[in-house]
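Architecture at a glance
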Amino acid sequence: MRELGLINGRLIEMNDNVITMEDRGHQFGDGVYEVTKVYNGKCFALRPHLDRLYQSLRAIRIPATYTFEELVQFHEALIKESGITEGAIYLQITRGAAPRVHPFPEQVVPCLTMSIRPSGPSNQEMWEKGVKIILIPDERWLRCDIKSLNLLGNVLGKQQAKEAGCYEAVMVRGEHITEGTSSNFFVVKDGIIWTHPATNLILKGITRTIVLERLAKELDLTILEKTFDASFIKGVSEAFLTGTSTEIMPVTSIDGKAVHDGIVGPITRKLQLAYTKLIDEECGRN
Ligand SMILES: Cc1ncc(COP(=O)(O)O)c(C=O)c1O
């Protein structure tokens, strides 16, 4: 098993020096990315991740130079050649390399880099017991729906959470709770699940969509895509985060106050079980 990279379709060692100084991803954050989880040697939900990648490329006007089939092939090659069966594949496409000027260069070819890494320490204990989060102001730009490389607001927020001994920082824009720095946020009140609508102010997470369009339907749960504010949180019975690596993570404390009685609630548990079952089915895990 070895960590492995790929640049423009060619497999490389993870630490090979391959990016030129003037790559626009490096200098401007001018690019987009995706992260896909690998379970049992198979990518989970690869199609929606690649669909979103093409949407992000269109949104920042980077031409798509790889087909869907090629990208699938690259994911499979990384899994096969690395021998990694449980891990994550990172993919980014930048506008390419050219002398540094702000407007799009005339002749530039997008640069695709990918890498595969095995999963880190298990989140099992956190999935069982829940995690603490803090609320922080959302200081990001207004196109959070694009999965762009510009993650400074997210990086600073996550560091703030870490320094507060928390798993995640959930952001508040004006009155409204938007999302976590690398996750979507949900609360349960009076049996109804609430989450921020998929506007320009949040990333429309793949895990969020699975919860909304598949799991909630299967489990006959009601979900409302509607904004809510920080004071609304005082009365909630459950809260949870969703994300590719986070999966469905119960939140048991917000800003130092227990959510309900600080115990993972029944709706979160049902969603966790259904999500695990879906991974088992799609990736042939047992
Ligand atoms: C800001 C933000 N919101 C939400 C998510 C969750 O998205 P997904 O479920 O597609 O991983 C992520 C994932 O990285 C993210 O960075």
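The structure displayed is predicted, hence computed values, not measured ones. (Residues numbered from 1 in each chain as written. Predicted model: local features only at pLDDT ≥ 70, side-chain atom pairs only at ≥ 80, totals over all residues.)

1. What to know about the overall build of the protein
Using the following cut-off: Only DSSP runs of H or I reaching four residues or more are called helices, and only runs of E reaching two or more are called strands; each is numbered from the N terminus. Radius of gyration: C-alpha atoms only; globule rule: 2.2 Å multiplied by the number of residues to the exponent 0.38. To sort residues by burial, count the other C-beta atoms lying within 10 Å of each one's C-beta; a count of 20 or more means buried, 12 or fewer means exposed, and anything in between means partly exposed. C-beta atoms are built from the backbone.
Across its full length, the protein carries 7 helices and 15 strands. A compact globule built from 286 residues should have a C-alpha radius of gyration of about 19 Å, and the protein, at 19 Å, falls within 12% of that. Over its C-alpha atoms, taken along the principal directions, the protein stretches across nearly 55 × 45 × 35 Å. Residue burial in the protein is summarised as follows: out of 286 residues, 38% are buried.

2. Considering the site of the ligand
As a reminder of what qualifies: Should the C-beta atom of a residue, placed from the backbone, lie within 6 Å of a molecule or strand, that residue is near it. Each residue is assigned to one of three groups, with Ala, Val, Leu, Ile, Met, Phe, Trp, Tyr, Cys and Pro labelled nonpolar, Asp, Glu, Lys and Arg labelled charged, and all others, Gly among them, labelled polar.
With respect to spatial proximity, 13 residues lie near the ligand, and among them Leu203, Gly205, Ile206, Thr207 and Thr244 are the closest. At the level of elements, α6 (206–218) and β13 (238–243) are the ones that each hand at least two residues to the shell around the ligand. It is α6 that contributes the most residues to the shell around the ligand, 3 residues altogether. Residue composition of the shell around the ligand, grouped by class: 2 nonpolar, 9 polar and 2 charged.

3. Notes on helix α2 (residues 46–59)
What counts, and what does not: Multiplying one less than the number of residues by 1.5 Å gives the expected span of a helix. What the arc describes is the spread of directions from the helix axis to the C-beta atoms. In this description, any two residues whose backbone-derived C-beta atoms lie within 7 Å of each other are considered to be in contact.
Here α2 spans 20 Å end to end across 14 residues, near enough to the 20 Å set by a 1.5 Å rise per residue. For α2, the complete set of buried residues consists of Leu46, His49, Leu50, Arg52, Leu53, Ser56 and Leu57. With its buried residues spanning 160 degrees around the axis, α2 presents them on a single face. Looking at the buried positions of α2, the neighbouring elements they touch are β3 (31–39), β4 (42–43), α3 (68–82), β5 (87–94) and α6.

4. Some remarks on unusual backbone geometry
Of note, the phi angle at Asp190 is positive, near 50 degrees, even though the residue is not glycine. Position of Asp190 among the secondary structure elements: in the loop between β10 (184–189) and β11 (192–195). Assessed through the 9 C-beta atoms surrounding it within 10 Å, Asp190 is described here as exposed. Even without being a glycine, Asp220 presents a positive backbone phi close to 60 degrees. Residue class for Asp220 comes out exposed when judged on the 7 C-beta atoms lying within 10 Å of it.

5. Thoughts on the sheet that holds strand β1 (residues 4–7)
Heads up, the condition is: For two strands to count as paired, DSSP must find a minimum of two bridges between them.
The antiparallel open sheet is built from 6 strands, whose spatial order is β2-β1-β6-β5-β3-β4. Of all the strands in the sheet, the pair left with one neighbour each is β2 (10–13) and β4. Bridge count between β1 and β2: 4 bridges; the pairing is antiparallel. Across the sheet, the residue bridging to Gly5 is Ile12, located in β2.

6. With respect to the nonpolar core
Soluble globular proteins tend to bury their nonpolar side chains together. This is how the line gets drawn: By definition, a nonpolar core groups buried Ala, Val, Leu, Ile, Met, Phe, Trp, Tyr and Cys residues that are joined through C-beta atoms within 7 Å.
Membership of the largest hydrophobic core comes to 31 residues, with the highest contact counts inside it found for Ile133, Phe186, Ala239, Phe240 and Val251. Of all elements in the fold, only β7 (131–137), β8 (168–173), β10, β11, α6, β13, β14 (247–254) and α7 (266–283) reach the threshold of two or more residues within this core. Ranked by residues supplied to this core, first place goes to α6 with 5 residues. The residues touching Ala239, leaving out its near neighbours within four places in the chain, are Phe186, Val187, Val251, Ile254 and Val259.

7. Description of the environment of Leu221
Note that Leu221 resides in the loop between α6 and β12 (222–225). In this structure the C-alpha to C-alpha distance between Leu221 and Ile267, which are 46 residues apart in sequence, comes to 8.3 Å.

8. Considering α3
Relative to the 21 Å expected for 15 residues at 1.5 Å per residue, α3 spans 21 Å between its end C-alpha atoms, a close match to the ideal helical length. Within the sequence span of α3, burial applies to Leu71, Phe74, His75, Leu78 and Ser82. Each buried residue of α3 lies within a common arc of 95 degrees when the element is viewed along its axis, so the set occupies one face. Pointing more than 90 degrees away from the buried face of α3 are the exposed residues Glu69, Glu70 and Lys80. Buried-residue contacts for α3 involve β1, β3, β4, α2, β5 and β6 (111–118).

9. Examining the environment of Leu112
Residue placement: Leu112 occurs in strand β6. In the structure, Leu112 is positioned 41 residues away from Leu71 in sequence and 9.9 Å away in space, judged by C-alpha atoms. When residues no more than four places from it in sequence are discounted, the contact partners of Leu112 are Asn8, Tyr66 and Ile93.

10. Some words on the domain arrangement of the protein
As a reminder of what qualifies: The split of the chain into domains comes from an automatic or database domain assignment.
Domains assigned within the protein are domain 1 (4–118) and domain 2 (124–283). A C-alpha centroid distance of 26 Å is found between domain 1 and domain 2. Counting residues at the interface gives 22 residues for domain 1 and 13 residues for domain 2. Those elements that provide at least two residues to the side of domain 1 that touches domain 2 are β3, α2 and β5. For the side of domain 1 that touches domain 2, the class distribution of residues is 10 nonpolar, 8 polar and 4 charged.

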